[in-house]
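# Architecture and fold: a report
Next come the chains, spelled out residue by residue.
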Amino acid sequence: MNFSLSASTKGAFWMTIAIVFFSAMTVLIRMLTENIPAHQIVFVRGVASVTILIPWFTSQGLQSLSTHRFPLLMGRGALTSIGLVTWIYAIARIPLAEAVALHFTLPLFGIILAAYFLRERINIHRGAVTIIGFLGTLVILRPGIEAVDAVSLVVLFSALAYAGTGIQTKILVRTETSAAIVFYVSAFTAAAFTIPCLFKWVEPTTLQWAMLVGVAVLNVLAQSCMNRAFSAADASFVLPFDFLRLPFAVVAGLFLFDEAIDIWTIMGAAIIFGATYYNTNKERHRG
């Protein structure tokens, strides 16, 4: 008897596995930040990711590294470095659930940046989604009721930087391979944080070395699973699964870091997710 899964089931499966890997990577990073500086984590992650990709490029030949958009690749590397180091800085200082909830603003920033840099039109639905999504952000931050934590703004800046990498990736994939993009971006992050590591390096323990390498491995596995999810099903169906990061963050924060979750974070995250989910469904129906 032949048994095969539907495309949507495959997409849901691979995206869920990707979220598990991403969440585990975030937990490892959160643990490492207690002793290891953010720039060192980014550096080791970049070096380890490049090392993991070397066997693939060896089998494919050096021609697989050829590129027609080297400046744009370096720009993506710069934004990735900024987004990653600010994310690591933030999750070491505020509860994981709050950081993850605020990071859900990434697709909202993406709509704005796509309109400006790619000249994509913001219709009434996209405009409404963006406004409602940022209202959800205000629910989490509660300006005027509580003092806005500067670290929360760092999370938003990280989301903005990552949204910028999405715009650059949309241009790069027209001519560059996915593996080449990952390779150059990882190499850039390793090179960019070499100098800071020369001035401040904390010698990791054996366990911390294992965790640092684990961060890189989990990142590669998560990216691979996410690519499989996008290959199996529509992006509009797959992307909302990113909301699973929140319950993982709540559980990890509660049991591993003794972090409480407040109702405002849940409500704000639900508003942001609802706006994003509405937009992805609307885009799917528009074809």
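Thresholds applied
- Residue indices begin from 1 for each chain and proceed along its sequence in written order.
- Local features in this predicted model are restricted to residues whose pLDDT is 70 or higher, and side-chain atom pairs enter the listing and the counts only when it is 80 or higher, whereas totals over whole chains, interfaces and linings include all residues.
- The side-chain quantities take in all heavy atoms of the structure and omit both hydrogens and water.
- We call Phe, Tyr and Trp rings a pair once their centres come within 6.5 Å, taking the six-membered ring for Trp, and we label the pair stacked below 30 degrees between planes, edge-to-face above 60, and tilted otherwise.
- We call a residue buried when its accessible area falls under 20% of the maximum for its residue type, exposed when it is over 50%, and partly exposed in between, using a 1.4 Å probe and counting protein chains only.
- Secondary structure elements follow DSSP: runs of H or I of four or more residues count as helices, runs of E of two or more count as strands, with numbering from the N terminus.
- We define a polar contact as two N or O atoms separated by no more than 3.5 Å, with the added condition that, inside protein, one atom must be a possible hydrogen donor and the other a possible acceptor, whereas residues neighbouring each other in sequence contribute only through side-chain atom pairs.
- Throughout, a contact is declared for two residues whenever any of their heavy atoms are within 4.5 Å.
- Definition used in this section: a nonpolar core is a set of buried Ala, Val, Leu, Ile, Met, Phe, Trp, Tyr and Cys residues joined via side-chain atoms within 4.5 Å.
- Expected span of a helix, by definition, is 1.5 Å for each gap between consecutive residues, and there is one gap fewer than residues.
- Every axis in this analysis is a line fitted to C-alpha atoms, fitted for helices over the stretch in contact. Angles between the N-to-C directions lie between 0 and 180 degrees.
- Angle categories are assigned with fixed cut-offs, so that under 35 degrees is roughly parallel, over 145 is roughly antiparallel, 65 to 115 is roughly perpendicular, and the rest are oblique.
- In this scheme the handedness of a crossing depends on how the near helix is turned from the far one: anticlockwise by less than a right angle means left-handed, clockwise means right-handed.
- Three classes are used, and their members are as follows: Ala, Val, Leu, Ile, Met, Phe, Trp, Tyr, Cys and Pro are nonpolar, Asp, Glu, Lys and Arg are charged, and the others, Gly among them, are polar.
- Known as pLDDT, the predictor's confidence for each residue is given on a scale from 0 to 100.
- Note on patches: the residues involved have over 30% relative accessible area and no salt bridge, like charges join within 9 Å, and the nonpolar side chains Val, Leu, Ile, Met, Phe, Trp and Tyr join within 5 Å.
- For accessible areas, the Shrake-Rupley method is used with a probe of radius 1.4 Å. Any residue's cover is judged against the shown protein chains and nothing else.
- Counted as salt bridges are all cases of a side-chain nitrogen of Lys or Arg within 4 Å of a carboxyl oxygen of Asp or Glu.

## Here's the deal with the packing of aromatic side chains
- Across all of its chains, the model carries 7 aromatic pairs by this definition.
- Aromatic side chains Phe13 and Trp14 sit 5.2 Å apart centroid to centroid with 70° between the ring planes, which places their arrangement in the edge-to-face category.
- Classification of Trp14 by relative accessible area gives partly exposed; the value is 25%.
- Ring centres of Tyr116 and Phe117 lie 4.9 Å apart, and the angle between their planes is 85°; this geometry places the pair in the edge-to-face category.
- Judged by relative accessible area, which is 57%, Tyr116 ranks as exposed.
- Overall, the relative accessible area of 54% leaves Phe117 in the exposed class.
- Three or more aromatic residues joined by ring pairs form one cluster here, namely Phe43, Trp201 and Trp209.

## What to know about the side chain of Arg30
- Considering the arrangement of structural elements, one finds Arg30 in helix α1 (residues 7-32).
- Note on Arg30: relative accessible area 12%, which makes it buried.
- Within the local environment of Arg30, its side chain forms a polar contact with the backbone oxygen of Ile91, the two atoms lying 3.0 Å apart.
- Here Arg30 is in contact with Ile91, Ala92, Phe257 and Glu259, once residues within four sequence places are set aside.

## Looking at the nonpolar core
- Within the largest apolar cluster, 54 residues are counted, with the highest numbers of intra-cluster contacts made by Ile29, Leu32, Ile41, Ile88 and Val155.
- By residue number, the principal contributor to this core is α1, which donates 9 residues.
- Setting aside anything within four residues of it in sequence, one finds Ile29 in contact with Ile41, Ile88, Ile91 and Val215.
- Leu53, Leu73, Ala179 and Ile181 belong to the second largest nonpolar core, which has 12 residues in total.

## Section: helix α5 (residues 106-117)
- Taking 1.5 Å per residue, 12 residues should reach 16 Å; α5 reaches 16 Å between its end C-alpha atoms and fits that length.
- Within the span of α5, buried status applies to Leu108, Phe109, Gly110, Ile111, Leu113, Ala114 and Ala115.
- Directly after α5, the chain includes Arg119, whose backbone phi takes a positive value near 60°.

## Describing the packing of α5 against helix α7 (residues 150-172)
- Where α5 meets α7, the axes come as close as 8 Å, and the angle between the chain directions of the two elements is 50°. Of the possible angle classes, the one that applies to α5 and α7 is oblique. As α5 packs across α7, the resulting crossing turns out to be right-handed. Contacts from Leu106, Phe109, Gly110, Leu113, Ala114 and Phe117 of α5 reach α7 at Leu156, Ala159, Leu160, Tyr162, Ala163, Gly164 and Ile167.
- In the contact of α5 with α7, the residues fall into 11 nonpolar, 2 polar and no charged.

## What about the environment of Leu73?
- The topology assignment puts Leu73 in helix α3 (residues 70-91).
- What makes Leu73 buried here is its relative accessible area of 1%.
- In this view, Leu73 contacts Thr67, Leu172, Ile181, Tyr184 and Val185; residues no more than four positions away in its chain are not counted.

## Some remarks on the confidence of the model for the protein
- Mean pLDDT over the protein stands at 83; residues scoring 70 or higher make up 91%.
- Mean pLDDT values for the elements of the protein range from 61 in helix α11 (residues 235-238) up to 93 in helix α9 (residues 194-199).

## What to know about a nonpolar patch on the surface
- On the surface, Met31, Val251, Leu254, Phe255 and Leu256 cluster together into a nonpolar patch covering about 490 Å² of accessible area.
- Element by element, the count of residues in the nonpolar patch is highest for helix α12 (residues 245-256), at 4 residues.
- Looking at the element boundaries, Leu254 is found in helix α12.

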